[in-house]
Amino acid sequence: KEKLQKIKEEAMNRIAASDDLTKLNDVRVAVLGKKGELTAVLKSMKDVLPEERPAFGQLVNEVRSEIEDKLENAKKALEAKELELRLQNEVIDVTLPAKKNKVGHRHPNTIALEEVERIFIGMGYEVVEGPEVELDYYNFEALNIPANHPAKDEQDTFYINNEIVLRTQTSPVQVREMEKGKLPIRMIAPGRVFRADEVDATHSPSFHQIEGLVIDKHITFSDLKGTLEEFARELFGPDTKVKFRPHHFPFTEPSAEMDVTCFKCGGKGCRFCKGEGWIEILGCGMVHPRVLRMSGIDPEEYSGFAFGVGLERIALLKYEIDDMRLLYENDDRFLKQF
Ligand SMILES: CNC(=O)COc1cccc(Nc2cc(Cl)ccn2)c1
């Protein structure tokens, strides 16, 4: 009897002292398990006098159910505590900012190209593409660039062989269009061009240009100025002013270069426009009559203007990128800013 009392007291204390489910289970096994203390007592029943067995057995069962109840309550309490702990640790703060998903980005060149295309498509121009590996006829002769012209030497042009080059501008696409003789023409020719230049912050052997060509009856220099002024305004903002400075290209006469007021300082002069207040954007001019004639267009009947703009130049200006090589290094840290 005393032994049972001791086992019960000891078990109760050990249950109360168990601060987690594992320890509690250890107590259950130690007392009620196959080799448990109470089980041992039950096994010693055979030594008890037969007439005392019923009372004894009842006593043992009482102790066992008291211990089982205590174990059960302790188990429930510990489970509740564990759940409470988990609820505190696993709480999700829904007010935290969401993780930004990594999404793709358009390259600055792509953004600039799509912007320029949108402007001229809006003016009714067609976008035409052509071969990057070109006959030197279309890249030079048809553009009134004579055989011994410096632009043709190997310092500036990649030759595949004596007749075939990597095009140095997208004008050949326009010559091919003029040859078709379907007039009037209003087109832009975007695409990759190649120069055997030195590579530096503003030159790359392979870059992109967009050229424009308008051929119709009675096209004048003022059509050129009006069109390119509108282009500049749509690209750099409505307050942009333009100016045309006389220049020379073999394929246009007269020729000009167009500057726009610096969109950073509005024309006062700043670091960005090197204090000039103006930034050169493109070259242009009235298509040279010899170029028209070589492509089968009568300069007495038709006239036209053309222009060429460097795509990287637009992208570098618009996004204030100071080294063209950044456009080609595919550094995600740079590209994901656009
Ligand atoms: C970045 N480009 C520049 O600085 C200058 O580009 C220019 C300038 C003037 C005209 C043209 N293209 C052209 C095309 C034909 Cl088919 C006939 C006449 N001209 C390109």
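Residues numbered from 1 in each chain as written. Predicted model: local features only at pLDDT ≥ 70, side-chain atom pairs only at ≥ 80, totals over all residues. Heavy atoms only, no water.

**Quick notes on the overall build of the chain**
When helices and strands are tallied, the chain shows eleven helices and nine strands. On the principal axes, the C-alpha backbone points of the chain span a range of 140 × 50 × 35 Å. Taking all 338 residues of the chain together, the buried fraction comes to 42%. Long-range pairs, those at least 24 residues apart, make up 65% of the contacts in the chain between residues at least 6 apart in sequence. Per element, the accessible surface of the chain, about 19,700 Å² overall, is 53% carbon and sulfur. For the chain, the centre of its 48 positive side-chain charges and the centre of its 60 negative side-chain charges are spaced 8 Å apart. (Helix = DSSP H or I, 4+ residues; strand = E, 2+ residues; numbered from the N terminus. Buried < 20%, exposed > 50% of the residue type's maximum accessible area, 1.4 Å probe, protein only. Contact = heavy atoms within 4.5 Å. Areas by Shrake-Rupley, 256 points an atom, 1.4 Å probe, with all protein chains shown as cover. Lys, Arg positive; Asp, Glu negative; His and termini not counted. Charge placed at Lys NZ, Arg CZ, Asp CG, Glu CD.)

**Digging into the packing of helix H2 (residues 21–32) against helix H4 (residues 53–89)**
When two helices pack together, you describe them by how their axes are tilted relative to each other and by the distance separating the axes. Look at H2 against H4: their axes get within 10 Å of each other, and the N-to-C directions meet at 170°. As summarised for this structure, H2 and H4 are arranged roughly antiparallel, according to the angle between their axes. Residues Leu-21, Leu-24, Arg-28, Val-31 and Leu-32 of H2 form the contact with H4, whose own contacting residues are Arg-64, Ile-67, Glu-68, Leu-71, Ala-74, Lys-75, Leu-78, Glu-79 and Glu-82. In terms of residue class, the contact of H2 with H4 is made up of eight nonpolar, no polar and six charged. (Axes fitted to C-alpha atoms, helices over the stretch in contact; angles between N-to-C directions. Parallel < 35°, antiparallel > 145°, perpendicular 65-115°, else oblique. Nonpolar A, V, L, I, M, F, W, Y, C, P; charged D, E, K, R; others polar.)

**Some points on the site of the ligand**
Lining the immediate surroundings of the ligand are 17 residues, of which Gln-174, Gln-209, Glu-211, Ala-306 and Gly-308 lie closest. Between the ligand and Glu-211, the relevant distance is 2.7 Å, taken from a nitrogen atom to a side-chain nitrogen or oxygen of the residue. Gly-308 is positioned such that a nitrogen or oxygen atom in its backbone is 3.2 Å from a nitrogen atom of the ligand. About the coverage of the ligand: the protein hides 90% of its 490 Å² of free accessible area. Of all elements in the fold, only helix H7 (171–179), strand E5 (206–216), strand E8 (278–287) and strand E9 (303–310) reach the threshold of two or more residues within the shell around the ligand. Take the shell around the ligand: its biggest share by element is five residues, from E9. Residues that form the shell around the ligand fall into these classes: nine nonpolar, seven polar and one charged. (Near = heavy atom within 4 Å. Polar contact = N/O pair within 3.5 Å; in protein donor to acceptor, adjacent residues only side chain to side chain.)

**Some words on a positive patch on the surface**
The grouping of Lys-34, Lys-35, Lys-43 and Lys-46 at the surface amounts to a positive patch. Relative to the helices and strands, Lys-34 is located in the loop between H2 and helix H3 (37–43). Look at Lys-34 and you get exposed, because its relative accessible area is 72%. (Patch = residues over 30% accessible without salt bridge, like charges linked within 9 Å, V, L, I, M, F, W, Y side chains within 5 Å. Salt bridge = Lys/Arg side-chain N within 4 Å of Asp/Glu carboxyl O.)

**Quick word on the sheet that holds strand E7 (residues 252–261)**
The strand order across the open sheet built from seven strands is E1-E4-E5-E9-E8-E7-E6, with neighbouring strands paired in mixed fashion. Two strands in the sheet have a free side with no partner beyond their single neighbour: strand E1 (126–127) and strand E6 (242–249). Where E6 lies against E7, seven bridges are found, and the strand directions are antiparallel. Directly across from Phe-244, in E7, lies its bridge partner Met-258. Helix H5 (residues 108–122) rests against E1, strand E4 (185–194), E5 and E9 of the sheet, and its axis sits at about 165° to E4. Across the face of the sheet, H7 comes into contact with E4 and E5 while running at roughly 145° to E4. (Pairing = 2+ DSSP bridges.)

**Concerning the layout of surface pockets**
Over the atoms a probe the size of a water molecule is rolled, and this reveals where empty space is left. In this structure, the second largest pocket spans a volume of roughly 160 Å³. When residues of the lining of the second largest pocket are traced back to their parent elements, those giving at least two are E4 and E5. The class makeup of the residues in the lining of the second largest pocket is four nonpolar, four polar and four charged. (1 Å grid on protein atoms, 1.4 Å probe; cavity = no way out; pocket = protein on both sides within 12 Å on 5 of 7 lines; lining within 4 Å. Points joined across faces, edges and corners; volume = space filled by probe spheres on them.)

**Structural notes on helix H1 (residues 2–17)**
Counted at 1.5 Å a residue, the expected span for H1 with its 16 residues is 22 Å, and the 23 Å between its end C-alpha atoms agrees. Of all the positions in H1, only Leu-4, Ile-7, Lys-8, Ala-11, Met-12 and Ile-15 are classed as buried. Here the buried residues of H1 occupy an arc of 130° about the axis, which is enough to place them on one side. Exposed positions of H1 whose direction lies more than 90 degrees from the buried face are Glu-2, Lys-3, Lys-6, Asn-13, Ala-16 and Ala-17. For H1, the secondary structure elements touched by its buried residues are H2, H3 and H4. (Expected span 1.5 Å × (residues − 1). Arc of directions from axis to C-beta.)

**A closer look at the pattern of salt bridges**
Under the defined criterion, the tally for this structure stands at 23 salt bridges. A salt bridge links Asp-216 to Arg-186; its shortest N-O distance comes to 3.4 Å. With Asp-216 in strand E5 and Arg-186 in strand E4, the pair connects residues that are 30 residues apart, well separated along the chain. You can call Arg-186 partly exposed: its relative accessible area is 32%. A salt bridge links Asp-323 to Arg-325, with the shortest nitrogen-to-oxygen separation between them at 3.0 Å. Each of the salt bridges in this network shares a partner with another, and the network as a whole consists of Arg-245, Glu-257, Asp-259 and Glu-280.

All quantities given are derived from atomic positions and should not be read as evidence of function.
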